[in-house]
Amino acid sequence: GDSVTQKEGLVTLTEGLPVMLNCTYQTIYSNAFLFWYVHYLNESPRLLLKSSTDNKRTEHQGFHATLHKSSSSFHLQKSSAQLSDSALYYCALSGGYAQGLTFGLGTRVSVFP
Amino acid sequence: EAAVTQSPRSKVAVTGGKVTLSCHQTNNHDYMYWYRQDTGHGLRLIHYSYVADSTEKGDIPDGYKASRPSQENFSLILELASLSQTAVYFCASSPAGGSQNTLYFGAGTRLSVL
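This one's a predicted model, so the numbers in the text were calculated from it and none came from an experiment.

Trainee: Even after reading the chapter, I still don't get the sheet that holds strand 3 (residues 19-25) of chain B, so can you show me in this structure?
Mentor: Remark on secondary structure: sheet strands pair via backbone hydrogen bonds, oriented parallel or antiparallel. All names here are of chain B. With antiparallel pairing, the 4 strands of this open sheet are ordered in space as 1-3-8-7. Bordering the open sheet on either side are strand 1 (4-7) and strand 7 (65-67), each of which pairs with just one other strand. With strand direction ignored, the average angle separating the axes of adjacent strands in the sheet is 20°. Direction of pairing for strand 1 relative to strand 3: antiparallel, over a ladder of 4 bridges. Bridge pairing links S7 to S22 in strand 3.

As structure tokens, then:
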């Protein structure tokens, strides 16, 4: 079945430094969509960005990710982390029809002054 | 903006008791989902539904039942709650099936089974 791997469980960094969260996946579907969801404390998880186009950079709210089908990766990056970026980030995959998303374990990001 | 409302927001239940978690959406979405969130496991799909009066099993359905009496409402039922079902439960809806589907989540229900 589908699977998503997020290597880092916790990322701590200083405000202003770049951040990269790793996401790799496995699926049999050639047209799968990859997503990043962000979950702030006491809020609902919400979509940050998504893509199904190989080698195309997708950006939203200062974050960006590029889907690389050759390496089955969809890493999330930001050039300068802010305190407000502290949250739980999920990478997710959608391959089959109607069956919802397959999520990774999540990466908790803590940004310090 | 999609609106998905879950109730209750938190609940304490006794082992062996029955628990019903409710979800209501006001965005006219056909698809609804129940996920559970656990540290170390991420979000895992329990049940989903793409039409009223029909539900489908997700990846971890054991110990859970689901009910979709209308397009707007989707419930998760724990007939005999167990300690291992302590978790945060999220309901989500989406406008359609297909791989480009965006999920809109509720705020979650924190369930503690004692």
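Trainee: Where do I start with the sheet that holds strand 9 (residues 76-78) of chain A in this structure?
Mentor: Residue and element names in this part refer to chain A. One open sheet accounts for 4 strands, arranged 3-9-8-7; its pairing is antiparallel. Looking at strand neighbours, the two that pair on one side only are strand 3 (19-21) and strand 7 (57-60), the edges of this open sheet. Neighbour-to-neighbour, the strand axes of this sheet turn through a mean angle of 20°, independent of strand direction. As judged from the 3 bridges shared by strand 3 and strand 9, these two strands associate in the antiparallel manner.

Trainee: In this structure, what is going on with the nonpolar core? I would like to understand it.
Mentor: As a rule of thumb, nonpolar side chains are buried together in soluble globular proteins. Core analysis: the largest hydrophobic core is formed by 26 residues, its most contacted members being A:L21, A:W36, A:L48, A:L49, A:L76 and A:Y89. Looking at this core, the elements with two or more residues in it are strand 2 (10-14), strand 3, strand 5 (33-39), strand 6 (46-51), strand 8 (63-66), strand 10 (87-94) and strand 12 (107-112) of chain A.

Trainee: Just to check I follow, could you spell out the state of the cysteines for this structure?
Mentor: Note on terminology: disulfide describes a covalent bond linking the sulfur atoms of two cysteines. Enumeration according to the criterion identifies 2 disulfides over all chains in this entry. For A:C23, the disulfide goes to A:C91, at an S-S distance of 1.9 Å. Its S-S torsion of about -65° marks the bond between A:C23 and A:C91 as left-handed, since a negative value means left-handed. Within this pair, whereas A:C23 is found in the loop between strand 3 and strand 4 (24-26), its partner A:C91 is found in strand 10, the two being separated by 68 residues in sequence. Assessed through its relative accessible area of 0%, A:C23 is described here as buried. For A:C91, a relative accessible area of 0% translates into the label buried. One disulfide bridge connects B:C23 with B:C91, the sulfur atoms lying 1.9 Å from each other. Classification of the bridge connecting B:C23 and B:C91 rests on its S-S torsion, roughly -80°, and on that basis the disulfide is left-handed.

Conventions we followed
Residues numbered from 1 in each chain as written. Chains lettered and ligands numbered in written order. Predicted model: local features only at pLDDT ≥ 70, side-chain atom pairs only at ≥ 80, totals over all residues. Heavy atoms only, no water. Pairing = 2+ DSSP bridges. Helix = DSSP H or I, 4+ residues; strand = E, 2+ residues; numbered from the N terminus. Axes fitted to C-alpha atoms, helices over the stretch in contact; angles between N-to-C directions. Core = buried A, V, L, I, M, F, W, Y, C linked by side-chain atoms within 4.5 Å. Buried < 20%, exposed > 50% of the residue type's maximum accessible area, 1.4 Å probe, protein only. Disulfide = S-S within 2.5 Å.

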